[in-house]
Amino acid sequence: MSRSVDLSEGDANLGDARAAWRSHVGPAARELIGRDERVFLRQSLSTPCLSAVRRAEGIWIEDADGRRLMDFHGNSVHHLGHGHPRVKAAIVRQMDDLAFAPRRFTCEPAVALAERLVALAPPGLTRVLFAPGGSEAIEIALKLVRVATGRHKTLSFWDAFHGAGFGAASVGGESLFRDSRLGPMLAGAEHVAPFACFRCPYGFPAPGGAPDLSACRMACARAAGFVLGRERDVGAVVAEPVRAVPYVPPPGFWPELRGACDRAGTRLIFDEIPAGLGKTGRMFACEHAGVAPDILVLGKALGGGMLPLAAVLARDDFDVAEDLAVGHYTHEKNPILAAAGLATLDVIRDEGLVARAADLGAYALARLREIAACRRLIGDVRGLGLLIGVELVRPDGTPAVEAAEATLYAALARGLSFKVTQGSVLTLSPPLIISRADLDRALVIVTEALDEVAAAQGLT
Ligand SMILES: Cc1ncc(COP(=O)(O)O)c(C=O)c1O
């Protein structure tokens, strides 16, 4: 989630970096932001807007006044870049052929997309339902587990995000979505601390983010396994195999937790809504984990960065709700959405984007580690493929929240957009189509922004 940035504050109240960014927002964007503020219900993380976009193409977004920014944020939908011509063409073609399929009528694109996903997915995931967004897809998965196991409890991780609906927010672990003013969440949604080696919640040091497994003996996996063993009636563990913060699990984490799930009769739901479809350098992030889930949830990039589309892939034994409604969505088999999904999979295959993410990601991580080596402000560089985090720290090792926010503004002013997660992690998530030259340009911007902020805040 991006930190919200208040453009409505008077300049006098803004930090230098914010004020500097504000001076980059031109009159057309300001006018739109003003209208946006008058008409939309406000909500944290969405408003007030940073700027206004009038065009998005490839790795670029262009603001209402014509300023271009590289988009390393893209809400994780833009694996193919913005406006990929093959996806656009597929959508247009499909609009002419068949624009909608009413419920109880199937159609060629929806069936073909489901078949393609099953063919690509880890073995055993043979059944599909589509949903209009990730949150809804997570809720389908939760319902399927309830029906299949007769268990309603879940175990998931604090700090995780799985969507904004009540079911998804219940298994999520972010306070913004679970505040008591929102009322009760789902009963039985239990949480444990996640894997987060650089800031191990169990207190084990991991210098440079590398865990000392002989010391911690993977306390994070054992804690989750302990809860499953004690409770014995947890229906599902719901988790991202690679956390989008990002955090990569310590080696052996998933086999250990999968084993605990199997012993407790608990199913494993992997949420790959942002990290699936090649982002981590494998088609599915769980391929790094060495275990297959019982249910896999995809979303975001599946709609080609243009249309909302998510998918639940489940084993055959979850085909248990024939007489119930678990995901009864108007656009369940929408041919246009499915055509976008098919074109997306074609582009990922034809442009070799999975291997590209692996290569460019390894390059960017290595480059960022060199950059970090001589900068005290950077505490950790981590990630997989083109999902990369740069965690900023104060000299005492605590999260450098102000520096991260200032770095974001300084980078925006230089033409690079990304998000800051958990207050102090610069989260760089470029499209998989990015060229090496543009990636280099972006890394130069990150470095310059960091150096400017370190100098301004006395953190060199
Ligand atoms: C890990 C994860 N799960 C689920 C979701 C929810 O997806 P959607 O916004 O399509 O409902 C998100 C969205 O950011 C996400 O990052």
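As the structure is a computational prediction, the values presented were derived from the model and not from experiment.

Parameters and conventions
- Residues numbered from 1 in each chain as written.
- Predicted model: local features only at pLDDT ≥ 70, side-chain atom pairs only at ≥ 80, totals over all residues.
- Helix = DSSP H or I, 4+ residues; strand = E, 2+ residues; numbered from the N terminus.
- Buried ≥ 20, exposed ≤ 12 C-beta atoms within 10 Å, placed from the backbone.
- Near = placed C-beta within 6 Å.
- Nonpolar A, V, L, I, M, F, W, Y, C, P; charged D, E, K, R; others polar.
- Pairing = 2+ DSSP bridges.
- Core = buried A, V, L, I, M, F, W, Y, C linked by C-beta atoms within 7 Å.
- Domains from an automatic or database assignment.
- Contact = placed C-beta atoms within 7 Å.
- Axes fitted to C-alpha atoms, helices over the stretch in contact; angles between N-to-C directions.

1. Section: unusual backbone geometry
- Here the residue pair Thr 47 and Pro 48 is connected by a cis peptide bond, since its omega of -5° sits within 30 degrees of zero.
- When you line up the elements, Pro 48 lands in the loop between helix H2 (27–39) and strand E1 (53–57).
- Notably, Asn 75 is not glycine yet its phi reads approximately 50°, a positive angle.
- Tracing the backbone shows Asn 75 in the loop between strand E3 (68–71) and helix H3 (85–97).
- On the neighbour-count criterion, Asn 75 (13 C-beta atoms within 10 Å) is partly exposed.
- Positive phi, normally seen in glycine, also occurs at Met 218, with a value near 50°.
- Along the chain, Met 218 turns up in the loop between helix H8 (213–216) and helix H9 (219–231).

2. As for the site of the ligand
- If you check the shell around the ligand, you find 13 residues, and the closest are Gly 133, Gly 134, Ser 135, Gly 163 and Ile 273.
- Of the residues that constitute the shell around the ligand, the class distribution is five nonpolar, six polar and two charged.

3. Brief notes about the pairing of strand E12 (residues 387–392)
- Burial analysis of E12 places six of its six residues in the buried class, the great majority of the element.
- Burial of E12 is two-sided: the residues Leu 387, Gly 389 and Glu 391 facing one way and the residues Ile 388, Val 390 and Leu 392 facing the other way are all buried.
- The sheet contact formed by strand E11 (residues 378–384) and E12 spans six bridges and is antiparallel. By the bridge assignment for E12, Gly 383 is matched with Ile 388.
- Hairpin remark: E11 followed by E12, antiparallel, with two residues in the connecting loop; positive phi at Gly 385, about 60°.
- Sheet topology note: the E12/strand E15 (residues 425–428) ladder contains four bridges and is antiparallel. By the bridge assignment for E15, Glu 391 is matched with Val 425.

4. A word on the nonpolar core
- Core analysis: the largest hydrophobic core is formed by 139 residues, its most contacted members being Ala 141, Val 297 and Val 312.
- Considering every element that reaches this core, the biggest residue donor is helix H12 (residues 335–350), with ten residues.
- In terms of domain composition, this core takes at least three residues from each of domain 1 (11–80 + 353–456) and domain 2 (85–350).
- With sequence-adjacent residues up to four places away left out, Val 312 is seen in contact with Val 128, Leu 129, Ala 131, Ala 137, Ile 140, Ala 141, Ile 295 and Val 297.

5. Considering the domain arrangement of the protein
- By the assigned domains, the protein splits into domain 1 (11–80 + 353–456) and domain 2 (85–350).
- Listed per partner, the contact involves 29 residues of domain 1 and 29 residues of domain 2.
- Of the residues belonging to the side of domain 1 that touches domain 2, the class tally is 13 nonpolar, 13 polar and three charged.

6. Some points on the sheet that holds E11
- The strand order across the open sheet built from four strands is E11-E12-E15-E14, with neighbouring strands paired in antiparallel fashion. The open sheet has two edge strands with one neighbour each: E11 and strand E14 (419–421). For this sheet the average axis-to-axis angle between neighbouring strands, irrespective of direction, equals 25°.
- Its contacts with the sheet put helix H13 (residues 353–373) on E11 and E12, and the angle it makes with E11 is roughly 175°.

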